[in-house]
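# Descriptive analysis of the structure
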Amino acid sequence: MSTASTSVIGQSRVAKWAVTASVVFLCLWVLVPIYLLVANTFSSPAEVNGFPKRFWPSFDTESIEFFLNFHGVGSALWNSLLVASLTMILSISVGAPAGYALSRFEFRGKGTFRVLVLMTRAFPLPLLALPMAVMFIKVGLDDTVLGLAIVHTTLALPFAVLITYSLFSGIPVELEEAAWTLGCSRFQAFIKVIFPLVLPGIAASAIFAFVVSWNEVFAAAVLTIEHRTLPAFLLQSLDDAPLHLKFAGGAVLVIPALVFIFMVRKYLFAMWGIANR
Amino acid sequence: MAEIKIQEVAKQFGKTHALHSVDLRIEDKEFLVLLGASGCGKTTLLRIVAGLETATTGEVWIGDRRVDHLAPKDRGIAMVFQNYAVFPHMTVFENIAFGLRMKKVHNAEIDKRVKRTAELMHIENLLARYSGQLSGGQRQRVAVARALATEPDVILMDEPLSNLDALLRMEMRTELKSILAQSQTTTIYVTHDQVEAMSMADRIAIMHQGHIVQATSPVEVYRNPATRFVGSFIGNPPMNFLPAKNLGNGVFEVGGTRFKGPDVNVDSLEFAIRPEDIVVGQGEMQGRIRVVEPLGSHIQASCEVNGTLFRVVVDSNSVIKTGDMLALEPTADRIRWFDADGKLVPV
Amino acid sequence: MHNRALPYLLLLPATVFLVAFFLYPFVMVAYQAFTTDEGILTTQYFTKMTSHWKFKPALNYTLLLAFTVVPIQIALALYMATLVSNMKRGRDLILYVWTIPLGISDLAAGLIWLAIFDQTGFLNSILVGMGLQEQPSLFLGYQNKGTIFLAVVLAEVWRATAIVLVILVAGIGLIPKEYYEAAQVFGAGGWQRFTKVTLPLLKPSLQTALILRVILAFEVFAVVVALGGTNLPVLMGEVYQRQFVLQDNHVAAAFALLILFISIAFTLLIMWVLRTPREARL
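Residue numbering note: each chain is counted from 1, following its sequence as written. All chains are assigned letters beginning with A, and all ligands numbers beginning with 1, in the order in which they are written. Note on the predicted model: pLDDT of at least 70 is required for a residue's local features to be given, and 80 or more for side-chain atom pairs to be given and counted; whole-chain, interface and lining totals, by contrast, use all residues. Values reported for side chains reflect all heavy atoms of the structure, with hydrogen atoms and water molecules removed beforehand.

In terms of regular secondary structure, chain C is built from 13 helices and 0 strands. For chain C, the sequential pattern of α-helices and β-strands runs α-α-α-α-α-α-α-α-α-α-α-α-α. Counting over 282 residues, chain C shows a buried share of 56%. The contact rule is simple, with two residues in contact once any of their heavy atoms fall within 4.5 Å. For chain C, contacts bridging at least 24 residues in sequence account for 70% of all contacts bridging at least 6. Each accessible area value is a Shrake-Rupley result obtained with a 1.4 Å probe; residue values ignore everything except the protein chains displayed when judging cover. About 12,700 Å² of surface is accessible on chain C, with carbon and sulfur atoms providing 65% of the total. Of the side chains in chain C, 18 bear a positive and 13 a negative charge, and the two mean positions are spaced by 11 Å. The helix count covers DSSP runs of H or I at least four residues long, the strand count covers runs of E at least two residues long, and both are numbered beginning at the N terminus. Whether a residue is buried, partly exposed or exposed follows from its accessible area with a 1.4 Å probe, protein chains only, as a fraction of its type maximum: under 20%, in between, or over 50%, in that order. Lys and Arg are tallied as positive, Asp and Glu as negative. Neither His nor the chain termini are counted. To locate a charge, the coordinates of NZ of Lys, CZ of Arg, CG of Asp or CD of Glu are taken.

Written out as structure tokens, the structure is:
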């Protein structure tokens, strides 16, 4: 049907050309800046700081080596990984049960909980870093990986709840009920039937939580001093760091995120489409 | 022994009553069909027996065990769902074996029983496939096989054929009836399709607005509907109804004609007759044809008798057209009478 | 099979988490903004905030950025979504390319555009190389607030249009093809189908995208810092300065409360303007 309806419209040759040109332009608009960053990263520090710039990399690894050996980068990378992994685990383990409850039960207070989750959208969440800084000092979580992971989980949790809610809703209740009638307890039915079916989706939303944390700058910069994550480290060295360090840092920040987005591309539209309604 | 007793079972969802104190007893090895329009409570009742829904009040017994507080897994039941609910991440073999594995049956026995049930359902060549590789009809077979494999005391079926196309549905109906008869398992079968109900059931329980209005054999349901609703719900086309004025001494005036009816002390009743129980071309009752619908085996003619719709069935060779007047004679022993509450009045 | 307590048990962790780390902290921000360390009620921190010379430019630039960036993003994403929905081949590949920026943090986006706008960057290299300029210009210097602003707008449009696109494409996917065919049968052309079918049915998705983007636009921070340092003041940057550099928690909290207030006000406004009655939804 869709192919029929588009061909019936009968676009002129010029219009078709304009569409193709727009698509190509928009692809270049997205890709060229990333290419330029990567080209910078794989050029020698002298070339990065020199003028005029070359538009293709010299495949010199000196910049990237300089960055990786720079004091604090190693631990920042490690902290980023730790915080992001913790965020991923926390937001899924706290969010998925809630998503399951929302998809499978009718109960009093369900509406209130949904409002609480949706409310987070209207709030600038990185600002949480301010009161949390005070709270964490009281409980000894200041400048810790766990403390930052908690704040990042607050960012990722609403999405984890809504995404898992839509994942569970996508699985017919009858599959679970069939398992119950065939001898499963609720827990067994979940493990044997529901879990294997939602696993890819859960993995995708876990990756999503990971990326949220990996990319977050403000809370990370406010809440950590000794245990900086990579974005916090980069932000605080913006003033004094040489260009090749900034660009290599940017590239290291971007590349894992690109890989992750590639991994979850199948779920991107389904998850966001439903989770955001 | 697995008779099912449903005693004073009621279900409320918030303020709406899905079921009003239902009593029903299903004999061991009986095939009972719960028949009704959507929203009548038939699926709710089935799900209460299965344990997927909790009754607000009342008791459910299977055999000599009270089961209404047990989880579905402890009730000795198996269920076939409308959308089949074949697990998509398991092969057909694993689907059929699922219930046996949960019962910790050992592997050799599982192998034997899965093969046997698969052969019974003619799906032995599909055992290695996944649900996604099966047609609707095949999935249906897997769902039934999965239920039979556990050798349950009771099989519960929730509109199992309604997602199949017409031809396949008829085929499966016959096959399912013979397989279930062989297995001699007590069965509750929910459907909204009266042909399915009539053709398969030992007994039909007709549900309407959360009540069971009649539970008896298919022929009895058809011939002697307990209420006006049953008469209008069963049969295609349904029963004809005409207002009947009591002239005294058991004589009623119906559509300008007099009929012998029950001798009761009320001003009026309702006269009812099935379309095929009317002899056309004789009698005093007159009907003007409004619509003629040739159906191959016969012609269905919708007439108007004293301003009321009145359907008759005539031979396909008859030459009739819209506007014609037809003489109609209801067969005397097939006439039924209903009172103002819609209850059957015995003659 | 119904355990009344089970849904509550399942919701408990998430509820506790959100109350402890979302609701309570926001109460604390308000408390911090309105009381001194000794616990005395005061508005002095707001006076201190508004009387600072950077307050007005920060507020203005933040609002101006949001009102420039968000409309461009919505329009561009709508255009991209229509392009994609009319595509027969290569749809998935194009969508993947266009959603790449979704995974890129604001800081990284700032650094990417720094590589272009820097004095030794690619833009200057092109301009000088083509002989349009004698010398590389200092686009991001403190006296060039206009070009810093432009660079921030470009970086933000580049980075965050993807999220709008994803929401809109998912929304368009929910509109049945039959509606377009019906509109076509009744004589609606391409533009009319877009304005009479797509836009009205897309309203819930547009609402979501707008709220999400406007809130994030008020939080703009790392892009601005990466491209302009402190030359282009924005509200979130002021919060950071107060909290982290000046250790002035109370004024930081006052700024935070202001951002919160603007965010909630705009959320409610967007919800009201783009409201769809429940019955009129897909």
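After that view, the rundown keeps rolling.
Turning our eyes to something else, we now look at the packing of aromatic side chains. Only Phe, Tyr and Trp rings are paired, with Trp represented by its six-membered ring, and only when their centres lie within 6.5 Å; those with planes under 30 degrees apart are stacked, over 60 edge-to-face, the remainder tilted. The final tally for this structure, using the stated rule, is 36 aromatic pairs over all chains. An aromatic cluster is defined as three or more aromatic residues linked by ring pairs; in this entry it consists of W29 of chain A together with W113, F117, F139 and W158 of chain C. We note K5 of chain B situated over the ring of W61 of chain B; from NZ or CZ to the ring centre the distance is 5.1 Å. Each ring is checked for a lysine NZ or an arginine CZ that lies within 6 Å of its centre and within 35 degrees of its normal; such an atom marks a charge sitting over the ring. The aromatic ring of W272 of chain C is capped on one face by R275 of chain C, whose charged end is 4.8 Å from the ring centroid.

Let's shift gears to the nonpolar core. W98, I104 and L107 of chain C are the most contacted members of the largest nonpolar core, which totals 248 residues. No other element matches the 17 residues that helix α7 (residues 145-173) of chain C contributes to this core. With near-sequence residues (within four places) excluded, W98 of chain C lies in contact with V23, L26, C27 and V30 of chain A together with M80, L83, V84, A162 and L165 of chain C. Within this scheme, the nonpolar core is defined by two criteria: the residues are buried Ala, Val, Leu, Ile, Met, Phe, Trp, Tyr or Cys, and they are joined through side-chain atoms within 4.5 Å.

We now examine the interface of chain C and chain A. Listed per partner, the contact involves 96 residues of chain C and 94 residues of chain A. When two parts are put together, the accessible area they lose, computed with a 1.4 Å probe and summed over both, is reported as buried area. Here chain C packs against chain A, burying approximately 8,700 Å² in sum over the two surfaces, 82% of which is carbon and sulfur. The term salt bridge refers to a side-chain nitrogen of Lys or Arg lying within 4 Å of a carboxyl oxygen of Asp or Glu. At the junction of chain C with chain A, the criterion picks out 0 salt bridges. In protein, a polar contact means a hydrogen-donor-capable atom and an acceptor-capable atom, both N or O and within 3.5 Å, with residues adjacent in sequence counting only if both atoms are side-chain atoms; elsewhere, any N or O pair within 3.5 Å suffices. Viewed at the interface, chain A and chain C are joined by 6 residue pairs in polar contact (both at pLDDT 80 or more).

Let us now look at the packing of helix α5 (residues 73-104) of chain A against helix α1 (residues 6-34) of chain C. Note on definitions: angles span 0 to 180 degrees between N-to-C directions of axes, and those axes are lines fitted to C-alpha atoms, for helices only across the stretch in contact. Two elements in contact, α5 of chain A and α1 of chain C, have axes separated by 8 Å at closest approach and are oriented at 135°. As far as their axial angle goes, α1 of chain C and α5 of chain A are oblique. Between α5 of chain A and α1 of chain C lies a crossing of left-handed hand. Only P7, L10, L11, P13, A14 and F17 of chain C of α1 of chain C make contact with α5 of chain A, whose side of the interface consists of V94, P97, A98, Y100 and A101 of chain A. For this classification, under 35 degrees means roughly parallel, over 145 means roughly antiparallel, 65 to 115 means roughly perpendicular, and everything else is oblique. Each crossing gets its hand from how the near helix is turned against the far one by less than a right angle, where anticlockwise is left-handed and clockwise is right-handed.

Surface patches are defined over residues having more than 30% relative accessible area and no salt bridge, joining like charges when they lie within 9 Å and nonpolar side chains (Val, Leu, Ile, Met, Phe, Trp, Tyr) when within 5 Å. There is a patch of nonpolar side chains on the surface, built from Y35, F55 and W56 of chain A together with I126, M130 and L132 of chain C and spanning about 650 Å² of accessible area. Assignment of secondary structure puts W56 of chain A in the loop between α3 (45-49) and α4 (62-69). Accessibility expressed as a relative area gives 55% for W56 of chain A, which makes it exposed.

The subject of this paragraph is the pairing of strand β11 (residues 240-248) of chain B. Residues and elements named next belong to chain B. We treat two strands as partners when DSSP finds at least two bridges between them. Pairing geometry for β11 and strand β14 (residues 268-273), over 6 bridges, is antiparallel. Its bridge partner lying in β14, F241 is registered against A272. Looking at chain direction, β11 and strand β12 (residues 251-254) are connected through 4 bridges and run antiparallel. What sits directly across from K245, in β12, is E253. Two successive antiparallel strands, β11 and β12, enclose a turn made up of 2 residues, where N249 displays a positive phi of approximately 55°.

Time to look at the sheet that holds strand β17 (residues 308-315) of chain B. Residue and element names in this part refer to chain B. As summarised here, the arrangement of the 4 strands in space is β17-β16-β15-β18, forming an open sheet in which the pairing is antiparallel. What marks the edges here is a single partner per strand, and that holds for β17 and β18 (325-330). In this sheet, neighbouring strand axes are inclined to one another by 50° on average, regardless of whether the strands run parallel or antiparallel.

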